[in-house]
Structure formats: structure tokens, C-alpha cells
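Here's the letter readout for the chains.
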Amino acid sequence: MQLPPALHARLLAGPGASEPLPVERDPSAGAAPFRFAARRVRFPREHEFFEDGDVQRHLYLQDVLTQVAWAPERPRVPEFTCQVAGCCQVFDVLEAYEHHYHTLHRNVCSFCKRAFPSGHLLDIHILEWHDSLFQILSERQDMYQCLVEGCTEKFKTSKDRKDHLVRRHLYPADFRFDKPKKSRGPGLPAAALPEPAETLPEGGQQSEGDDMEVCSEHMATPLEPRGERRTLGHRIPSTICFGQGAARGFKSTKKRNKQH
Amino acid sequence: MWNQRHGRLRPVGCGMEELRRRRREREAALRKARREQQLVSKRLLRDDAPEEADGVCVALILGEDEIQQFLRLAQRGTEEKEKERALATLRRGLQHPETQQTFIRLEGSMRTLVGLLTSNQALLQLEAARCLHELSHSEQPAVAEACLPATSYLLTYVSGHSSDLIELCLYTLGNLIVESEAVRRQLLPQGIVPALAACIQSPHLTVLEALGYALSQLLQAKEAPEKFIPSVLGSTLPQQMLRLLQPGPKLNPGVAVEFAWCLHYIICSQVNNALLITHGALSTLGLLLLDLAGAIQRSEDAGLELLVCPVLRCLSNLLTEAAVEAVGGQMQLRDERVVAALFILLQFLLQKQPSLLPEGLWLLNNLTANSPSFCTSLLSLNLIEPLLQLLPGSNVVSVLVLTVLCNVAEKGPAYCQHLWPGPLLPSLLDTLAFSDTEVVGQSLELLQLLFLYRPEAVQAFLQQSGLQALERHEEEAQLQDRVHVLQQTALRG
């Protein structure tokens, strides 16, 4: 296929179009037995016309390992420590630090130091746990926002919200980031207290749901017999700190502290 | 000595042949799957590929006890590194279908894995996400269904800030989406559309490509036109997708490919294409077409055909919308450079991927069908001859070329003046010798228009033994009426 050389120049020049030639149709054009009529054609997604293109697309999807320049080796850097106060995690790969920072220090509640996976969940947490007006207002109007981003519904109680999450959004009943604040004595940060036994959601698996908030060695193992982890002593993390604003380190990082 | 050389050379030689054979097999399998409407593909993200490169299979078959042991170690190991190592071993095990089966049958295993995914140890969490990713790549629907409890968390992390984790979650979701309708059913209520609409603002290219992949998988689903597309169109996603397809220094080919396919799935479902046109889809895609042709001219053509295909489809199908006229779509796409760019792309496809040539000609048809302006450009830019050079191609290509020529000819005498004298008539005499009824039929249509608007051509037709060429088709039921009329016209002329 030989293209006129001027075509390439045309592409580089500015936009525009030549004045169209006059259109003059004869009624006998396309009259039977002829049938041509100029028309635009539409193809639906399953049309066989698309077969070749679709197959190429899927070959590309499956080949992605060979096509996309994937950097398997991330460069090692001299060991360094996370600079956030109270965290002494050590890194030798920048990306690992980035992930650590974004996961554990990006959406952190400044009152109780809990980390949240998203800004939306953190905002809701601060409002419900640390805003003194919240309790008063929630008695008068629906204040419990839905946890799903993009859903604007609000509820009278956190229980109503949970029902909504399960029914409307098909969320698991024990969604780990839905931890309602329980009414407790003033002055005690709620984070430090284990949930009362009766609030265990269905299946009694609640304790593994605190992962974001309590130390992970404390996760219940569903692979174990139930009775073992029902004892209260086992359920209070050894590393937990009582008192407002105290930084709660993780056990492993404390170990590192001692080592370094 | 000979043995040694033989031993060293053979794997390479076999490897190449083997690779080619495997690709052919895969292509055949994909074709079959498409005809059965079962076309499903997944992406696998693995960053320890070098381990496998030397041909050693590292996937381990793990038994129930081992899986249990690794999970317990990952949960309660004494050191962080030890936990990560345990989970990494489990992840390698999960590359094997047998381990996947054992894993999903083990009670509480998924719950524990989800627990690790939501853990407060960042690297352990990442490793848990990789385990889920391996499971999502499984070809067994039961494995995808076992991942159902994880989707709300995967979506939660898509709203997070760690680009590595977001990317993994998106590819995992994209894989699960195509494997299981149950997964798709719960993703919409779980808020996948708002989550993606927020995530598409991310500055990370890896995240955007992963997002485009997951979205394209969702939009490809059978039930997408009723279930997902209305919701996607109701969000900010369409404008953002068009933003990511705008040509310029920020355009990333990998990202653009994914979103161009997303747009194709939306447009060919015809849910509300007028909306896309009001968002400027025609002008964005038109400019992208110019940009692609420019890149080909500069011979930066690495993998461009991957992007060319969906862009051609989107433009072609959008042009069929009644709304094109109503909302000034014609204004968005009136630049004759579009025709110039399309021909550069046609030439590129002819060399690189001839099987996609029909899609380019389809766009040329839709551009020229109702547009005297584009037909005039075709003539003034001297593009009739290059177009005729495509005629010896496949029958589909020939019919499309002839149709485009008919689009020009039917506009009247002023247009046909440019078609004769010229190379058109000899080419038509060649296509009359074809055996394909459709090709010959379309040639007859073009001849009728030419004789009608340019009677001088009849004489030349007779001189070049046109009658004999027509005679060949006198007996064919679908052609004979038209052949007779043309014979009479020629003899009268």
C-alpha cells in the first residue's frame, strides 16, 4: 500500500477540511435490482466481525508477563528506620517502606493511634469515637454513616448500620473495620478494652477481627479448637497500652528496639 | 563434544518452536472460547518470575497439614520475617491447582487469610494479598467462589494509599470478576463503582493500568449492559477514562489500552452513548487516532496495534449514534486529518496485523457514508489509489473497500468525475473475476453508480472486455438481475 507523500505532511499540518464537492443524487441510483445505500454500520459486542481483535486482546492479557516491563528486582538500599515516632521498623527496600508507611501511618487516628485502610473509614472513626458532639447529636438524628464509599445513608445506631451493610451491601457480618464504640466509663480510651463477650458476632470469630487495632499474635486461629481462646487473659494483648495518646507499638518492632 | 553442543542448543531451538506452537494452540483455544461466548482471560502478577525462568517448577503441592502449619506460623510466628516466610511458602504452594483445592476445602483457611490481609503488619498483609491473587488466577470456579468473603476487604484497600497493595487488589478483583458471577453479583452492592471512581484519581500508572484491567473485566461480563454499565455511566468514571485517553506527554500506552477497551465494551452495549458524546468522546478519540498515526510515522510502533483496535471500534460505533448530529458530534470529528491518520493506520495494520484491517475499513465506511466532506477529502488527498491496492486482500476487505468507493460514487457526478478516468475501472474488472458473490455483487453496485454519474466510463468498460467479465456471472441467482441491467446499460451506452 503506497501512500501519497503529501499525506504525512497533511497529518502534521493544522486541522481543517476542504470544501465538500456538491452532492447531486439521481433517484435511479440504487434502484432495484440494485440495492446499495450508503449507511453507517454498527456491530454489537458478540459480532463475529470482532473475533480477531478480541482474540488479540486476550492474547495480550495472557501474555502480560512477557509484554510489560516488570521490574522483578527492587533495588536494595542501606537499612533505614521508619521515622514516625514510636515506630522502629527497619527497611532495606524503598517500596516496602512506602507500603508500610501508607498502610500504618497514613490514615492514623491522632487520638487513639489506630490505623485505618482508607481516609473514609478514618473520618467515620474520628466522628464516632472522638467527637464529643456525636453522642448528643446521634440521639436526635441519624448519625451513623454507611461505611461504603459513595453510599450516603445514615443510621440511628451502629446496629442499624451493620444490618444495612449486610443486607444492602452484602458485607460480611463481622466486617473488621466496623467496630462500634461501646459506652464505657469516661476517661478510659475504648481501644484498650476488649469487646464484651456478648458483642461477639455470629460464629464467635470476633477476636481475629481486631487485627488493625490490636497486635496480631493475638488473632484467634480458627484452625484451633474454640475453647482455647475464650479465656480472657489470652484475649488481652500484652503490648496494649492504657492511657490517652500513648503510642502502641507492635510487639515485633519492640523486639527490634532491643536489638538495635 | 557434539553431545555437549547438542545438549546446549536443543532447548533453545525447541523453546522457540515450542513457544510458537503454544501460541498457535492458545489462539485456537481463544477463538473457540469466543464462539462459545466463554472468552475469559486473567492476568498474573508475580514478581519472583526469575525463579521460574530457569524452567524449574517451584509450585509446591502442599497437604492439609502443611497449609495449616504455614497459616498458623504466619499468624503466630515469633518473628515478623518468619511469618512472612511462612506465608510466602504458602503462596508458592497456591500456584499449584492441587494446593488451591486443598486450601479451599480446609475449614477456616480463607477466614485466616482474610485476617492476615487485614493485619497490622504491612508486609504480611501484602503477602496475604499475593496469596489471594494466586487463588484468583485459578481456573476452577470453586476457588473463585471461596474468595467471596475477601471482596469487601479487597475493595476497602482499593480506597487505601499503598499503590502496591491497591494494584494487587485490583488485579485480584479483575481475575475473580471473570471467573464467578457470584463475585460480580456482590461487587456492585459492595461499592465497586464508587471505589474505582475514587481510585482513578491515583497518580500511579501501575494502579491505573490495574484499574483499567479490573474495569474492563467487569464491563465484559454478559450481564454488564443491564447491571454495570448504567452504574459506571452514572459515575465520574467516563470523564476520567476520557481524560486518560487524551493524547499528550501524559498518555501512557499500557493505561490507555485498558481504558480504550473499557470504552469499547461500554459503547458496543449501546446503553447511553449520547452521554459519552456530550463528554467529548468523539473528539478525544479522534485526537488519539491522530496521535497514534503520528507515533507510527515516527516508528514508535511498539504494541500500538493493541490500542489501535479498540480506538477504531469506539469511533466506528459512536458514529452510528443518532446523537452524533444532535449534540454536534459531527463538529467534534470534522477534521480531514482523521482520514489521513486512518490511512497511515491502515498501512500499519496491513504490515503488522492484517487481520485487523477490516476494523479500519469499517471506520472508513462510517466516516464516509453520510459525509460529503470526508468523501471529498478522500479524493483531494489522492487516497483512491491506495485504497484500491487493498482489493486483492481477503473477501471481507474487498467488500469493505468497494463499499467505501460506493459511498464516494453515490454522492453524484462531481465525485464520480474524480473516479474516472483513473485506476478504478481496471480494478473493478479484476474484482469481477472474483468467485465470491458478495465481492462481485458490490462491484456491480459500484459499476451502476459509475455508469449513472459518469456515462463516459461505459465506453472504456466495453473496450476493456467488460461484457465478458459480466457474462461470467449471468447464471448466478443472486447476481443475474444486476448483471442483466448492467449489460443493457453498457450496450445502450
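As a convention, each chain's residues are numbered from 1 in the sequence order in which they are written. Chains and ligands are labelled sequentially in the order written, the chains with letters from A and the ligands with numbers from 1. For this predicted model, a pLDDT threshold of at least 70 governs which residues receive local features, and a threshold of 80 or more governs which side-chain atom pairs are given and counted, while totals over whole chains, interfaces and linings are taken from all residues. Note that water and hydrogens are dropped before the side-chain values are worked out from all heavy atoms of the structure.

J.: How would you sum up the interface of chain A and chain B? Please name residues and give values.
T.: For an interface, size is often stated in terms of accessible area lost upon the parts coming together. Facing 106 residues of chain A, the contacting portion of chain B comprises 149 residues. Three residues, A:Met1, A:Arg40 and A:Arg45, lead the burial of chain A against chain B; their summed loss comes to 9% of the area buried on that side. Salt bridges are defined as contacts in which a side-chain nitrogen from Lys or Arg sits within 4 Å of a carboxyl oxygen from Asp or Glu. Applying the counting criterion to the chain A and chain B interface returns ten salt bridges. Put simply, B:Arg313 and A:Asp54 hold a salt bridge, and the shortest N to O gap is 2.7 Å. In protein, a polar contact requires one atom able to donate a hydrogen and another able to accept it; more generally it is a pair of N or O atoms within 3.5 Å, and residues adjacent in sequence count only if both atoms are side-chain atoms. Between chain A and chain B we count 53 residue pairs in polar contact (both at pLDDT 80 or more) in total. Broken down by element, the side of chain A that touches chain B gets its largest block of residues, twelve residues, from helix H2 (residues 51-62) of chain A. Residue contacts are defined here by distance: any two heavy atoms, one from each residue, within 4.5 Å place the two residues in contact. Here the buried area means the combined drop in accessible surface, using a 1.4 Å probe, for two parts upon being joined, counting both sides. Put simply, DSSP marks the helices as runs of H or I at least four residues long and the strands as runs of E at least two long, and each gets a number from the N terminus on.

J.: Mind laying out the packing of helix H7 (residues 122-136) of chain B against helix H10 (residues 163-179) of chain B, listing which residues take part and the relevant values?
T.: Residues and elements named next belong to chain B. Running from N to C, H7 and H10 point in directions that differ by 20°, and their axes come no closer than 9 Å. When the axis of H7 is compared with that of H10, the two are roughly parallel. Helix-helix and strand crossings are classified by hand; for H7 and H10 the assignment is left-handed. Contact with H7, carried on its side by Gln125, Leu126, Ala129, Arg130, Leu132, His133 and Ser136, involves Asp164, Leu165, Leu168, Tyr171, Thr172, Asn175 and Leu176 of H10 and no other residues of that element. Grouping the amino acids of the contact of H7 with H10 by side-chain chemistry returns seven nonpolar, five polar and two charged. A fitted line through C-alpha atoms serves as each axis, taken over the contacting stretch for helices, and the angle formed by two N-to-C directions is quoted from 0 to 180°. We call two directions roughly parallel when the angle between them is under 35 degrees, roughly antiparallel when it is over 145, roughly perpendicular when it lies between 65 and 115, and oblique otherwise. Helix crossings are classified by the rotation of the near helix relative to the far one: an anticlockwise turn of less than a right angle makes the crossing left-handed, while a clockwise turn makes it right-handed. Polar here means any residue outside two lists: the nonpolar Ala, Val, Leu, Ile, Met, Phe, Trp, Tyr, Cys and Pro, and the charged Asp, Glu, Lys and Arg; Gly therefore counts as polar.

J.: Describe the confidence of the model for chain A, and please don't skip the residues or the numbers.
T.: Residues and elements named next belong to chain A. Summary statistics for chain A give a mean pLDDT of 74 and a share of 65% for residues scoring 70 or more. pLDDT is a residue-level measure of predictor confidence that goes from 0 to 100. The low-confidence segment residues 65-72, where pLDDT is below 50, has eleven contacts with residues more than four positions distant or belonging to other chains. The low-confidence segment residues 183-236 (pLDDT under 50) makes 119 contacts with residues lying over four places distant or belonging to another chain.

J.: Please give an account of the packing of aromatic side chains that cites residues and values.
T.: The criterion for an aromatic pair is that two Phe, Tyr or Trp rings (for Trp, the six-membered ring) have centres within 6.5 Å, with stacked assigned to planes under 30 degrees apart, edge-to-face to planes over 60 apart and tilted to the rest. One pass over the structure, following the stated rule, counts 19 aromatic pairs over all chains. Ring geometry for A:Phe134 versus A:Tyr144: centroids 5.0 Å apart, planes at 90°, classification edge-to-face. Within this pair, whereas A:Phe134 is found in helix H6 (residues 132-140), its partner A:Tyr144 is found in strand S3 (residues 144-145), the two being separated by ten residues in sequence. Residues A:Phe134 and A:Tyr144 agree in their burial class; the two are buried. Through a chain of ring-to-ring contacts, the aromatic side chains of A:Tyr171, A:Phe175, A:Phe177, B:Tyr153 and B:Tyr157 assemble into a single cluster. Only protein chains enter the area calculation, which uses a 1.4 Å probe; residues under 20% of their type maximum are buried, those over 50% are exposed, and those in between are partly exposed.

J.: Please set out the pattern of salt bridges residue by residue, giving values where relevant.
T.: Residues and elements named next belong to chain B. Taken as a whole, this structure holds 33 salt bridges over all chains when the rule is applied. One salt bridge in this structure joins Glu36 and Lys32, with 3.3 Å as the shortest N-O distance. In this structure Glu36 comes out as partly exposed when scored by relative accessible area, which is 44%. Residue classification places Lys32 among the exposed positions, given a relative accessible area of 52%. In this structure, the salt-bridge partner of Lys81 is Glu84, at a minimum N-O distance of 3.8 Å. Linking Lys81 with Glu84, this pair stays in helix H4 (residues 80-93), spanning three residues, or about one helical turn. The class of Lys81 is partly exposed, set by a relative accessible area of 42%. On the accessibility criterion, Glu84 (14% relative accessible area) is buried.

J.: With reference to specific residues and values, describe the UniProt feature "domain: C2H2-type" (unreviewed entry) in chain A.
T.: Residues and elements named next belong to chain A. UniProt positions are given in the numbering used here, feature names are shortened, and annotations may be inferred rather than shown by experiment. The sites that carry the UniProt feature "domain: C2H2-type" (unreviewed entry) are, in the present numbering, residues 82-105, 109-130 and 146-169. From the first C-alpha to the last, residues 109-130 spans 9 Å; its make-up is 55% helix and 0% strand. With 42% helix and 8% strand, residues 146-169 has end C-alpha atoms that lie 10 Å from one another.

J.: Explain helix H17 (residues 253-269) of chain B to me, and be specific about the residues and the numbers.
T.: All names here are of chain B. An ideal rise of 1.5 Å per residue puts 24 Å on 17 residues; H17 measures up with 24 Å between its terminal C-alpha atoms. Within H17, 16 of the 17 residues are buried, which leaves the element mostly enclosed by the surrounding structure. Put simply, Asn252 is the residue that caps the front of H17, since its side-chain oxygen is 3.0 Å from the backbone nitrogen of Gly254. Positive phi appears at Gln270, one or two residues downstream of H17, with a value of about 55°. The span one expects for a helix is its residue count, reduced by one, times 1.5 Å.

J.: Describe in detail unusual backbone geometry, supporting the description with residues and values.
T.: Residue A:Pro33 is reached from A:Ala32 by a cis peptide bond, and omega for that bond is 5°. Mapping A:Pro33 onto the fold places it in the loop between helix H1 (6-12) and H2.

J.: Before we move on, could you go through the nonpolar core and cite the residues and values that matter?
T.: Nonpolar side chains in soluble globular proteins tend to be buried together. B:Leu90, B:Leu170, B:Leu215, B:Phe259 and B:Phe343 are the most contacted members of the largest nonpolar core, which has 206 residues in total. Residue contacts for B:Phe259: discarding those within four places in its chain leaves B:Ile200, B:Leu208, B:Leu211, B:Gly212, B:Leu215, B:Met241, B:Leu244 and B:Leu245. Here, the term nonpolar core denotes a set of buried Ala, Val, Leu, Ile, Met, Phe, Trp, Tyr and Cys residues that are joined through side-chain atoms within 4.5 Å.

J.: Which residues make up the packing of helix H13 (residues 205-220) of chain B against H17(B), and what values go with them?
T.: Residues and elements named next belong to chain B. Where H13 contacts H17, the axes come no closer than 8 Å and their chain directions differ by 20°. As summarised for this structure, H13 and H17 are arranged roughly parallel, according to the angle between their axes. Relative to H17, H13 is oriented so that their crossing is left-handed. Residues Leu205, Leu208, Glu209, Leu211, Gly212, Tyr213, Leu215, Ser216, Leu219 and Gln220 of H13 touch H17, and the partners they reach there are Gly254, Val255, Glu258, Phe259, Cys262, Tyr265 and Ile266. For the contact of H13 with H17, a count of residues per class yields eleven nonpolar, four polar and two charged.

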